[in-house]
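# A structural walkthrough
The chain contents come next:
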Amino acid sequence: VLITKCEKERRRGDELRAGERQDSDWQGQVLARRQHKRTRADTVADREREEAQAFQIDKSQVLGRKPESRLKWLQRALIHAGKGHVQAAVLYDLLAHPRFVSGASNGVGRQMRSLVVSNLHLFSQKQQKVLQSESC
């Protein structure tokens, strides 16, 4: 068999490299993995998820608040409902309760109503009719 000098050197290099792999500790294992950086969107989503879990929807606690505090609670509740963290049906049950607006001044009541009207798209058609009516 006739082998050229170039072929002979290539085979010799292959044999040396094969011998090195067998002798070393490297056996095809990954020794280091890339550490992925947390993106800003991930941290914001985690913070929103934690905030939504800590958000209180208990009827007695919400109705026991002062009207100004209920207004702030309503703002946060509508934001969470828009993001899908709070169910609109639970929010509707609180809004339709007669004690939700009791004790509120005209200004606070107007602000509550404008918030609800501007976020009616979160509720079903029947709920929208009740929320838009004068009795609610």
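Because the structure is a prediction, the values reported are computed rather than measured. (Residues numbered from 1 in each chain as written. Predicted model: local features only at pLDDT ≥ 70, side-chain atom pairs only at ≥ 80, totals over all residues. Heavy atoms only, no water.)

### Comments concerning the environment of Ala88
Mapped onto the secondary structure, Ala88 falls in helix H5 (residues 88–96). Considering only alpha carbons, one finds Ala88 and Gln127, 39 residues apart in sequence, at a separation of 9.6 Å. If we skip the residues at most four places from it in the chain, Ala88 touches Leu122 and Phe123. (Helix = DSSP H or I, 4+ residues; strand = E, 2+ residues; numbered from the N terminus. Contact = heavy atoms within 4.5 Å.)

### With respect to the environment of Arg38
Structurally, the position occupied by Arg38 is in the loop between helix H1 (5–23) and helix H2 (40–54). Those residues within four positions of Arg38 in sequence are excluded, and the remaining contacts are Thr43 and Asp46.

### Some thoughts on the nonpolar core
If you look at the biggest cluster of nonpolar residues, it comprises 23 residues, and the most contacted ones within it are Trp73, Leu74, Leu91, Leu95, Phe100, Phe123 and Leu131. Among the secondary structure elements, those contributing two or more residues to this core are helix H3 (59–63), helix H4 (67–83), H5 and helix H6 (106–118). With six residues, the single largest contributor to this core is H4. Once residues within four sequence positions are removed from consideration, Phe123 is found in contact with Leu78, Ala88, Leu91, Tyr92, Leu95, Gln128 and Leu131. (Core = buried A, V, L, I, M, F, W, Y, C linked by side-chain atoms within 4.5 Å. Buried < 20%, exposed > 50% of the residue type's maximum accessible area, 1.4 Å probe, protein only.)

Remember, this is a structural readout, not a statement about activity or role.
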